[in-house]
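Examining the three-dimensional arrangement
Listed here are the chains, written in short residue letters.
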Amino acid sequence: MEDVELVEFEYDRDMDDILRVWTETGWFDGEDRPERFIKQFFEANDGRSVVARLNGHTESVVHRSLGSMHYDDTQVSLGGVTAVTTSRIARRLRMASRLTARTVAHLGDEGVAVAALGMFEQGFYDRVGFAAGSYENRVQVYPGDLDIPVPYRTPERLDLDDDLEEIHAAIVDRMPWHGGIAVGGERLSQAGAQIDDQPTLFGYRTDGTLSHFLMLEMKGENGPDRVLGMAYQTKYQCLELLRLIQEWGDQVDSIRFVEPVWLKAQEFMRQPGREYRRTKGTAHEMHIDADAWWQARIVDLDACVRAMRPAGREFSIAVEVDDPIQDHLVDSGYAGSWQPLSGLWRLTFGPNAGAERLAPDTANDTPADLVTTVNALTQWWLGVTSADTLAVVGAFEAKPDVIDQLDDLTAHLPTPQLGWDI
Ligand SMILES: CC(C)(COP(=O)(O)OP(=O)(O)OC[C@H]1O[C@@H](n2cnc3c(N)ncnc32)[C@H](O)[C@@H]1OP(=O)(O)O)[C@@H](O)C(=O)NCCC(=O)NCCS
């Protein structure tokens with residue numbers, strides 16, 4: 001194996017190499033404007049990144065950020081694995097795998113309950129315990145076909161420099177929704193929004209305070225335009241943003257947005273069938289498609305179980321967990337105290353909910369009620385996949401009464417939606 005060194009990020013030593021890595025992954029085209037925001041992206045997370053070095057140069061980097069996730073009706077601490085890249089000369093040296101595993105471990109030391117990331121492909125991050133999130137609908141529609149049942153109001157223009165604090169506050173104060181995340185501080189929001197795009201922001205105030213806005217990438221005169229993000233505190237405010245989009249039908253031929261998981265955009269279209277036939281095969285084709293683009297994994301099992309709504313009656317189960325991160329933490333340079341979740345746990349649900357790792361001597365005498373992986377456990381905990389379905393596909397091994405009990409605990413959860421890019 002090549003002589004690779006995995007160490008903490010140092011801005012002065014690593015930043016120029018990272019720009020080269022990002023160039024080779026196609027994330028940076030050498031222009032001054034994105035360079036400013038990439039540098040800010042790495043400065044803004046207080047150095048929370050790890051790098052792999054080969055022959056005196058940084059060839060791989062993983063960036064992480066802290067934040068929170070709305071889980072059911074409470075908040076849990078969230079860690080974002082916010083950029084994973086390896087240069088073209090350093091592929092297949094396990095750099096990204098080891099740095100990602102180490103990042104999860106650092107997030108564990110930093111008090112994170114659950115980690116999340118946007119995936120480039122299915123499978124890669126499964127190897128360190130992540131599992132796919134829920135489907136999300138993306139809508140492309142002619143704005144003039146929308147029929148949003150709230151009155152139009154003139155918005156105001158917002159500026160990512162001048163109005164940054166208010167914009168970030170509006171992102172953090174978004175309508176609570178199961179799975180909704182906020183990551184990083186103002187400078188990370190500012191940088192993250194502008195590395196890839198040159199967004200335009202329009203929004204509204206409520207009692208003088210910025211309450212809802214949308215961030216938009218406009219393409220030429222007629223689109224397709226793309227909504228990069230929407231922040232709102234109430235469902236009505238979301239409709240007001242969609243009503244604003246509707247008003248652009250005199251100019252824009254199509255606009256794309258992610259459907260808020262609590263509404264069906266098609267119900268707010270006048271003639272979706274005719275629009276589909278009219279635009280079929282064009283760049284402005286009316287359509288709604290879906291995919292699962294994000295993944296998550298439990299980092300602190302006790303914190304995640306404690307966040308669950310109390311069960312009707314208290315009960316415990318013994319759970320044998322396999323955590324595949326273990327193999328990738330080897331030779332990662334990680335020297336902290338976080339432990340992979342592999343092993344036997346007692347999970348208690350109810351007023352005294354929590355997860356306790358069983359010591360090896362106890363574990364030897366305790367039969368497991370559930371045998372699973374951290375990946376599958378995360379999907380169940382988030383309400384992405386039911387215990388029953390996980391059992392059918394072999395990801396949960398347990399007796400039917402245990403599966404029923406587990407499903408009773410999560411059946412009420414709405415479909416999770418991060419609601420912001422990560
Ligand atoms: C993705 C990327 C970071 C991987 O970097 P890398 O340092 O070469 O990755 P590693 O060497 O740690 O891992 C390679 C392993 O992952 C496996 N792998 C790759 N894609 C996989 C997938 N979709 N499913 C399962 N395994 C996968 C490979 O088979 C290889 O396994 P092996 O070690 O058993 O041979 C790199 O290709 C890259 O920078 N791509 C462009 C930017 C990008 O998409 N980043 C991810 C953003 S979410």
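Note that the structure is a prediction, hence the values are computed from the model and not measured. (Residues numbered from 1 in each chain as written. Predicted model: local features only at pLDDT ≥ 70, side-chain atom pairs only at ≥ 80, totals over all residues. Heavy atoms only, no water.)

Looking now at the overall build of the protein chain. Tallying secondary structure elements over the protein chain gives 13 helices and 20 strands in all. Taken over the C-alpha trace, the protein chain has a radius of gyration of 23 Å; the compact-globule value for 422 residues is 22 Å, and the two agree within 12%. Restricting the contact set of the protein chain to residue pairs at least 6 apart, pairs at least 24 apart contribute 75%. Roughly 18900 Å² of accessible area belongs to the protein chain as shown, and the carbon and sulfur atoms make up 45% of that amount. (Helix = DSSP H or I, 4+ residues; strand = E, 2+ residues; numbered from the N terminus. Rg over C-alpha atoms; globule rule 2.2 N^0.38 Å. Contact = heavy atoms within 4.5 Å. Areas by Shrake-Rupley, 256 points an atom, 1.4 Å probe, with all protein chains shown as cover.)

Okay, the packing of aromatic side chains next. Under the definition given, this model contains 16 aromatic pairs. Here the aromatic residues Phe9, Tyr11, Trp22, Trp27, Phe41 and Phe42 are joined through ring pairs into a cluster of three or more. Against the face of Phe124 rests Arg127, its NZ or CZ located 4.8 Å from the ring centre. (Phe/Tyr/Trp six-rings, centres within 6.5 Å; stacked < 30°, edge-to-face > 60°. Lys NZ or Arg CZ within 6 Å of the ring centre and 35° of its normal.)

By domain assignment, the protein chain separates into domain 1 (4–132), domain 2 (137–177 + 188–290) and domain 3 (299–410). Its C-alpha centre places domain 2 at a distance of 39 Å from the equivalent point of domain 3. (Domains from an automatic or database assignment.)

On to the site of the ligand, then. Taken together, 20 residues sit near the ligand, with Val84, Thr86, Arg92, Arg94 and Ser97 positioned nearest. A distance of 2.8 Å separates an oxygen atom of the ligand from a polar backbone atom of Arg92. The separation between a nitrogen atom of the ligand and a polar main-chain atom of Gln122 is 2.9 Å. In the complex, 71% of the free accessible area of the ligand, which totals 970 Å², lies under the protein chains. Breaking the shell around the ligand down by element, the ones donating at least two residues are strand S4 (74–86) and helix H3 (95–109). Broken down by class, the residue content of the shell around the ligand amounts to 8 nonpolar, 7 polar and 5 charged. (Near = heavy atom within 4 Å. Polar contact = N/O pair within 3.5 Å; in protein donor to acceptor, adjacent residues only side chain to side chain. Nonpolar A, V, L, I, M, F, W, Y, C, P; charged D, E, K, R; others polar.)

This part covers the sheet that holds strand S7 (residues 136–141). As summarised here, the arrangement of the 7 strands in space is S8-S10-S11-S12-S13-S7-S14, forming an open sheet in which the pairing is mixed. The open sheet is flanked by strand S8 (156–158) and strand S14 (287–291), the only strands paired with a single partner. When the angles between neighbouring strand axes are averaged without regard to direction, this sheet yields 30°. The strands that helix H4 (residues 164–172) touches are S8, strand S10 (200–206), strand S11 (209–217) and strand S12 (225–231); relative to S11, the one it contacts most, it runs at about 95°. In this fold helix H6 (residues 235–246) packs onto S10, S11, S12 and strand S13 (255–258), with an angle of close to 40° to the strand it touches most, S11. (Pairing = 2+ DSSP bridges. Axes fitted to C-alpha atoms, helices over the stretch in contact; angles between N-to-C directions.)

With that settled, the discussion passes to H4. Residues of H4 that are buried include every one of Leu164, Ile167, His168, Ala170 and Ile171, and no others. For H4, the arc enclosing every buried residue in end-on projection is 160°, short of the 170-degree limit, so these residues lie on one face. For H4, the secondary structure elements touched by its buried residues are S8, strand S9 (181–183), helix H5 (186–194), S10, S11 and S12. (Buried < 20%, exposed > 50% of the residue type's maximum accessible area, 1.4 Å probe, protein only. Arc of directions from axis to C-beta.)

Across the 7 residues of S12, 6 count as buried, placing the element largely inside the fold. Direction of pairing for S11 relative to S12: antiparallel, over a ladder of 5 bridges. Bridge pairing links Phe213 to Ala231 in S12. Note: S12 against S13, 2 bridges, orientation parallel. Each bridged residue has a counterpart across the sheet, and for Asp225 the counterpart in S13 is Ile255.

To continue, consider the packing of H4 against H5. One way to put it is that H4 packs onto H5 with a least axis distance of 9 Å and a crossing angle of 90°. Overall, the two elements H4 and H5 adopt an arrangement that is roughly perpendicular. Of the residues in H5, those touching H4 at Leu164, Glu165, His168 and Ile171 are Glu186, Ser189 and Gln190. Looking at side-chain class alone, the contact of H4 with H5 contains 2 nonpolar, 3 polar and 2 charged residues. (Parallel < 35°, antiparallel > 145°, perpendicular 65-115°, else oblique.)

Before going further, it helps to spend a moment on the environment of His328. Residue placement: His328 occurs in helix H9 (residues 325–329). The class for His328 is buried, based on a relative accessible area of 12%. In the structure, His328 is positioned 46 residues away from Thr282 in sequence and 45 Å away in space, judged by C-alpha atoms. Other than its neighbours up to four places away in sequence, His328 contacts Arg94, Ser97, Arg98, Ala101, Arg127 and Val128. A distance of 3.5 Å separates a polar side-chain atom of His328 from the backbone oxygen of Arg127.

This part is about the sheet that holds strand S18 (residues 354–357). The strand order across the open sheet built from 5 strands is S18-S17-S16-S19-S20, with neighbouring strands paired in mixed fashion. Two strands bound the open sheet, and with one partner strand each, they are S18 and strand S20 (396–398). Taking each pair of neighbouring strands and ignoring which way they run, the sheet shows an average axis angle of 25°. Here 7 bridges tie strand S16 (residues 315–322) to strand S17 (residues 343–349), and the two strands are oriented antiparallel to one another. In the sheet register, Ala318 faces S17, and the bridge partner there is Arg346. Across the sheet, helix H11 (residues 374–382) lies against S16, S17, strand S19 (370–373) and S20, angled at about 100° from S19, the strand it touches most. With respect to the sheet, helix H13 (residues 400–410) is in contact with S16, S17, S19 and S20, its orientation differing from that of S20 by roughly 125°.

Here we take up unusual backbone geometry. The peptide bond linking Gly223 to Pro224 adopts the cis configuration, its omega dihedral lying at 10°. The phi torsion at Asp72 lies on the positive side, around 55°, for a residue other than glycine. Inspection of the secondary structure assignment puts Asp72 in the loop between strand S3 (57–71) and S4. Under the relative-accessibility criterion, Asp72 is labelled buried at 10%. The phi angle at Arg92 is positive, at roughly 65°, despite the residue not being glycine.

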